[in-house]
Amino acid sequence: WLCFRPRSSLSRASIRASTIPASWSPSHATCQYWGVCDGSSSQVGYFSSSPFQSNSNARWSHLLQGGRALDLACGTGANALYLARKGYRVDAVDISIQALRTLKTAAREMNLPVGCVAADLDYWPIPPDTYDAVTVFYFLAPDRMPDIVRSLRSNGLIFYATYNIRHKSEKPGFNEAYLVPAH
């Protein structure tokens, strides 16, 4: 995964976003994964640990200094909860109302400052110059990268991880539209 701090010399408008293939269907994928079409999902209620907590990624945790954070495609909120415990006030955004309910309950029980927003990230207006840290894990959003970068305050950080084409070797049936293509 990648952690980077855009430099002021980087022209935010010049960031290129690749195109998601036309065969990709966000509504179909959402129904399959979260069950938002019929209100059922075996995934909701499951908290995986935050990628920040793994030993291999501990090298980034010293960069987390608190402030305001945005967790895009947050799911049940492992990253949002971790960031809140590190001193951030977190806005957690996901399309799954069920996952956000699970996150909201956990945040309330832990008395952590996490706000939940139910939204389709292909269309949600990401507020500019608002966040000190942004996380995006396992959601391919190349068209939104300029908006994600613009959402950062000066010296803000982006933590971004998603699957690439090598993921097909582990899960041969995985939809390639969700994978970073090989260049």
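Residues numbered from 1 in each chain as written. Predicted model: local features only at pLDDT ≥ 70, side-chain atom pairs only at ≥ 80, totals over all residues. Heavy atoms only, no water.

Quick word on the overall build of the protein chain
Consideration 1: Scanning the protein chain for helices and strands turns up six helices and six strands.
Consideration 2: In the protein chain, the succession of α and β elements from N to C terminus is β-α-α-β-α-β-α-β-β-α-β-α.
Consideration 3: When each of the 183 residues of the protein chain is scored for burial, the buried share is 43%.
Consideration 4: Of the contacts made within the protein chain by residues no fewer than 6 positions apart, 58% connect residues no fewer than 24 positions apart.
Consideration 5: For the protein chain, the accessible surface area stands at approximately 10000 Å², while carbon and sulfur atoms represent 51% of it. (Helix = DSSP H or I, 4+ residues; strand = E, 2+ residues; numbered from the N terminus. Buried < 20%, exposed > 50% of the residue type's maximum accessible area, 1.4 Å probe, protein only. Contact = heavy atoms within 4.5 Å. Areas by Shrake-Rupley, 256 points an atom, 1.4 Å probe, with all protein chains shown as cover.)

A few points about the environment of alanine 92
Consideration 1: Following the sequence through the fold, alanine 92 ends up in strand β3 (residues 88-94).
Consideration 2: Considered as a pair, alanine 92 and asparagine 79 are 13 residues apart in the sequence and their alpha carbons are 9.1 Å apart.

A look at the nonpolar core
Consideration 1: Counting residues in each nonpolar core, the largest one holds 22 residues, and the members touching the most others are Leu81, Tyr88, Val90, Leu103 and Val114.
Consideration 2: Elements with a minimum of two residues in this core: α3 (78-85), β3, α4 (97-109), β5 (131-137) and β6 (152-161).
Consideration 3: No other element matches the five residues that α3 contributes to this core.
Consideration 4: Trp124, Val136, Ile158 and Tyr160 belong to the second-largest nonpolar core, a separate cluster that totals 18 residues. (Core = buried A, V, L, I, M, F, W, Y, C linked by side-chain atoms within 4.5 Å.)

A closer look at the pattern of salt bridges
Consideration 1: For the structure shown, the criterion picks out four salt bridges.
Consideration 2: Aspartate 91 serves as the salt-bridge partner of arginine 68, at 2.8 Å between the closest nitrogen and oxygen. Taken as a pair, arginine 68 in strand β2 (residues 67-72) and aspartate 91 in strand β3 lie far apart in primary sequence, 23 residues in all.
Consideration 3: A relative accessible area of 17% places aspartate 91 in the buried class.
Consideration 4: A salt bridge links arginine 144 to aspartate 147; its shortest N-O distance comes to 3.1 Å.
Consideration 5: The partly exposed category is assigned to aspartate 147, whose relative accessible area is 23%.
Consideration 6: A single network of salt bridges, built from pairs that share partners, joins Arg144, Asp147 and Arg150. (Salt bridge = Lys/Arg side-chain N within 4 Å of Asp/Glu carboxyl O.)

Topic: α4
Consideration 1: Its 13 residues place the ends of α4 18 Å apart at the C-alpha level, agreeing with the 18 Å of an ideal helix rising 1.5 Å per residue.
Consideration 2: Among the residues making up α4, those that are buried are Gln98, Ala99, Leu100, Thr102, Leu103, Ala106 and Ala107.
Consideration 3: Asparagine 111 sits one or two positions beyond α4 and adopts a positive phi of about 55 degrees. (Expected span 1.5 Å × (residues − 1).)

Overview of unusual backbone geometry
Consideration 1: Backbone geometry places alanine 73, a non-glycine residue, at a positive phi of 55 degrees.
Consideration 2: Checked against the element boundaries, alanine 73 lands in the loop between β2 and α3.

Side note on α3
Consideration 1: By the criterion of burial, α3 is predominantly enclosed, with seven of the eight residues buried.
Consideration 2: Every buried residue belonging to α3 is among Ala78, Asn79, Ala80, Leu81, Tyr82, Leu83 and Ala84, and all of these are buried.
Consideration 3: Phi for glycine 87, located one or two positions after α3, is positive at around 100 degrees.

Structural notes on the packing of aromatic side chains
Consideration 1: With the rule as written, the count across this model stands at one aromatic pair.
Consideration 2: A centroid spacing of 6.2 Å and a plane angle of 55 degrees characterise the contact between phenylalanine 137 and tyrosine 138, whose relative ring orientation is tilted.
Consideration 3: Here phenylalanine 137 falls in the buried class, since its relative accessible area comes to 7%.
Consideration 4: Taking relative accessible area as the criterion, tyrosine 138 reaches 47% and is therefore assigned partly exposed. (Phe/Tyr/Trp six-rings, centres within 6.5 Å; stacked < 30°, edge-to-face > 60°.)

Treat this as a map of the structure, not an account of what it does.
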